[in-house]
Amino acid sequence: MKAAFVVLALALGAANAFVPHPAAPRRAPTVRSATVAEPEKATAFDLKEYLETKRVSVEKALDDSLQVTCPEVKTITESMKYSLNAGGKRVRPIMCIAACEMFGGTEEMAMPTAVALEMIHTMSLVHDDLPAMDDDDLRRGVPTNHVVYGEDIAILAGDALLSTAFEHCAAHTKGVPAERLVEVLRRLGESVGAVGLAGGQVMDLQCEGKEGVTLQELQWIHAHKTAALLKVAVTAGAILAGASEEEIKACETYALDVGLAFQVADDILDVTASTEELGKTAGKDEAVDKTTYVKLIGLEESKIEARRLVEDAVKALSPFGEKAAPLIGIADYIVARKN
């Protein structure tokens with residue numbers, strides 16, 4: 001426990017010394033009419049089996065991460081667990097583990113950070129569904145947190161998930177040099193701050209119903225609201241395993257492209273899939289006049305852009321050969337998914 005306090009103190013010091021810089025704007029998509037060819041697979045790899053195996057490990061770790069320790073915390077802990085254990089693809093924690101293993105690390109080494117990432121992601125979903133934000137009653141096929149526990153408890157459960165994420169990562173990461181763990185904690189903090197998830201969400205809300213939103217503005221929103229957490233998932237795994245600066249930069253390039261592709265795919269699904277398929281309300285983006293890729297460049301060009309981003313992501317991992325197979329498979333899966 002004393003060591004965890006030392007790590008947290010170091011993390012706070014590192015965060016205070018850090019001056020964040022906004023991500024550089026992405027280039028605009030090239031408008032094309034031809035279908036982009038599927039990227040060649042570097043190796044035979046059973047992605048379905050890999051995802052399921054890792055998902056089971058992640059689910060167990062998530063379930064073990066939150067326990068009712070006294071009667072006074074029963075309600076908030078149950079609210080936290082309700083959303084954390086509501087299922088989902090667990091893409092972020094699995095990407096963290098895959099990146100760690102790509103550079104010679106282990107699942108055990110990465111799991112506390114993987115759990116922290118899913119806690120942060122779940123917090124964002126709980127808050128995103130609130131009436132003051134996207135006002136949704138359905139998430140992952142079940143009633144949203146505020147519908148079950150009330151808005152007040154849902155807000156506090158999200159807050160508690162965020163703070164518990166850092167506590168869990170610091171307290172349970174073993175066999176990793178302190179400086180690597182401090183850097184992971186710093187990046188986790190950056191990913192949810194003003195130049196991360198929160199900042200992207202604010203701009204997303206401000207652009208609802210707004211005329212003249214540009215593609216560059218939309219890319220900034222999703223580079224921060226969506227891609228930032230995917231970027232820290234991959235880079236954190238690499239850092240824990242001792243990757244070099246050059247290797248970490250390659251992971252950042254991959255994750256940014258995958259993160260943007262993830263959002264383009266979400267925008268496509270919002271207009272092509274049903275509520276039952278999505279597990280959340282379909283057509284919600286159009287209903288609130290949200291700026292999306294489909295709205296700005298059309299459905300077909302959005303599909304082309306998603307594939308281009310995945311191709312760029314795969315190229316970034318080419319130096320790592322077959323060790324990158326899980327992350328390459330996940331990139332393809334992101335644009336092919338149905339929910």
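Thresholds, definitions, all that
Sequence order sets the numbering: in each chain, residues are counted from 1 along the sequence as written. Under the rules for a predicted model, residues below a pLDDT of 70 receive no local features and side-chain atom pairs below 80 are neither given nor counted, while totals for whole chains, interfaces and linings still include all residues. Excluding hydrogens and water, the side-chain values take into account all heavy atoms of the structure. We define a salt bridge as a contact between a side-chain nitrogen of Lys or Arg and a carboxyl oxygen of Asp or Glu at a distance within 4 Å. Helix and strand definitions follow DSSP, with helices as H or I runs of at least four residues and strands as E runs of at least two, each counted in order from the N terminus. Only protein chains enter the accessibility calculation, which uses a 1.4 Å probe; a residue is then buried when its area is under 20% of its type maximum, exposed when over 50%, and partly exposed in between. Only four residue types enter the charge count: Lys and Arg as positive, Asp and Glu as negative, with His and the chain ends excluded. The aromatic pairing rule takes the rings of Phe, Tyr and Trp, using the six-membered ring of Trp, and pairs them if the centres are within 6.5 Å, calling planes under 30 degrees apart stacked, those over 60 edge-to-face and the rest tilted. Throughout this description, the term charge over a ring refers to an Arg CZ or Lys NZ atom that lies within 6 Å of the ring centre and within 35 degrees of the ring normal.

(A) Just the pattern of salt bridges, in detail. Taken as a whole and judged by the stated rule, the model has 24 salt bridges. One salt bridge in this structure joins Glu183 and Arg186, with 2.7 Å as the shortest N-O distance. Residue Glu183 and its partner Arg186 are located together in helix H8 (residues 178–191), separated by three residues, close to a single helical turn. According to the relative accessible area criterion, Glu183 is partly exposed, its value standing at 23%. The partner of Glu183 in a salt bridge is Arg187, and the shortest N-O contact between them spans 2.8 Å. Residue Glu183 and its partner Arg187 are both found in helix H8; the two are separated by four residues, about one turn of the helix. Arg187 gets classed as buried once you look at its relative accessible area, which sits at 15%.

(B) Local environment of the environment of Glu179. With respect to the helices and strands, Glu179 occurs in helix H8. Between the C-alpha atom of Glu179 and that of Ile239, which follows or precedes it by 60 residues, the distance is 9.8 Å.

(C) The side chain of Arg92, seen in detail. Relative to the helices and strands, Arg92 resides in helix H4 (residues 91–102). No salt bridge is formed by the buried Arg92; its nearest oppositely charged neighbour, Glu118, is found at 5.3 Å.

(D) Just the packing of aromatic side chains, in detail. One pass over the structure, following the stated rule, counts three aromatic pairs. Judged by centre distance (5.5 Å) and plane angle (55 degrees), the rings of Phe45 and Tyr50 are tilted. Judged by relative accessible area, Tyr50 falls into the buried class, the value being 12%. Relative to Phe320, the ring of Phe103 lies with its centre 5.2 Å away and its plane at 75 degrees, an arrangement referred to as edge-to-face. Note that Phe103 is positioned in the loop between H4 and helix H5 (107–128) and Phe320 in the loop between helix H16 (299–316) and helix H17 (325–336), a separation of 217 residues in sequence. With a relative accessible area of 17%, Phe103 lands in the buried category. The ring centre of Phe262 lies 5.3 Å from the NZ or CZ of Arg92, which sits over that ring.

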